[in-house]
Amino acid sequence: MTAPLHWKLTIDAADPLAQADFWAAALGYRVEDHSRLIAGLREAGHLPEGATTERYGRDVWLDLAAVRHPDDPFDEYKDLGLGRRLLFQRVPEAKTAKNRLHLDLHVGAERIPAEVERLRGLGATVLYEQRQPMGVWTTMADPEGNEFCVE
């Protein structure tokens, strides 16, 4: 069996652009720039009306936004990550239950307090702190309420 060459985690969102901004800042990732792809689709007549908006001084997808690790390979024309990637897609319903999947940000026990404060400054909230024999961590929620841990 061959392992995947790359992966993306798709996350439902009310505001994909804001989520991409938050997670890019939280992880040190890059918000993907799909403006060349959008322009090409528009020129070919394959872009539905209302599919884009303007942000960062360029065209972006209205209902999708992605972030990628800055050191991973990427498609230079589409600016799609070919490594570690998070894709945020607009959905009409709000988050209603605990995540079945979440990210753990490993910063080291001595850096947890500073990292929690940095993430709070980006719009995250602290849900609770854990001190267990196997380690310590803080469970937080991103601006849309998705849980993640800082450990």
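Relevant structure appears above.
In what follows, the accompanying structure is described. (Residues numbered from 1 in each chain as written. Predicted model: local features only at pLDDT ≥ 70, side-chain atom pairs only at ≥ 80, totals over all residues. Heavy atoms only, no water.)

**Some remarks on the packing of aromatic side chains**
Put simply, the rule reads: Here is the rule: rings of Phe, Tyr and Trp (six-membered ring for Trp) pair when centre to centre is within 6.5 Å. Planes less than 30 degrees apart are stacked, more than 60 are edge-to-face, and the remainder are tilted. Buried, partly exposed and exposed residues are distinguished by accessible area as a fraction of the type maximum, computed with a 1.4 Å probe on protein chains only: under 20%, between the cut-offs, and over 50%, respectively. In DSSP terms, a helix is any run of H or I states spanning at least four residues, a strand is any run of E spanning at least two, and both are numbered starting from the N terminus.
Across all of its chains, the model carries three aromatic pairs by this definition. Each ring, one from Phe 22 and one from Trp 23, has its centre 5.1 Å from the other, and the planes form 90°; the classification is edge-to-face. You'll find Phe 22 and Trp 23 in the same group, each marked buried. Ring centres of Trp 23 and Phe 148 lie 4.9 Å apart, and the angle between their planes is 70°; on these two criteria the pair is classed as edge-to-face. Placement of the pair is Trp 23 in helix α1 (residues 16–27) and Phe 148 in strand β12 (residues 147–150), with a sequence separation of 125 residues. Phe 148 carries the same exposure label as Trp 23, and that label is buried. One aromatic cluster is present, formed by Phe 22, Trp 23 and Phe 148 through successive ring pairs.

**A closer look at helix α3 (residues 112–122)**
Operational definition: The arc in question is traced by the directions running from the helix axis to the C-beta atoms. Every residue pair with non-hydrogen atoms within 4.5 Å of one another is taken to be in contact.
Among all positions of α3, only Ile 112, Glu 115, Val 116 and Leu 119 are buried. The buried residues of α3 all sit within an arc of 100° when viewed along its axis, so they share a single face. The exposed set on the far side of α3, more than 90 degrees from its buried face, consists of Pro 113, Ala 114 and Gly 121. As for α3, its buried residues are in contact with α1, β9 (103–105), β10 (125–132), β11 (135–141) and β12. Looking one or two residues beyond α3, the residue adopting positive phi is Gly 123, at roughly 115°.

**Here we look at the sheet that holds strand β1 (residues 7–13)**
By way of backbone hydrogen bonds, the strands of a sheet pair with one another, either parallel or antiparallel. Rules: DSSP bridges decide pairing: two strands pair if at least two such bridges lie between them. Angles run from 0 to 180 degrees between N-to-C directions of axes, and those axes are lines fitted to C-alpha atoms, restricted for helices to the stretch in contact.
Strand order in the open sheet made by the four strands is β1-β8-β5-β2, with mixed pairing throughout. Strands with a single pairing partner mark the edges of an open sheet, and in this sheet they are β1 and β2 (30–31). Alignment of strand β5 (residues 64–68) against strand β8 (residues 84–90), held across five bridges, turns out to be antiparallel. Of the residues in β8, the one forming a bridge with Ala 65 is Phe 88. Its contacts with the sheet place α1 against β1, β2, β5 and β8, and it is angled at close to 155° to β8.

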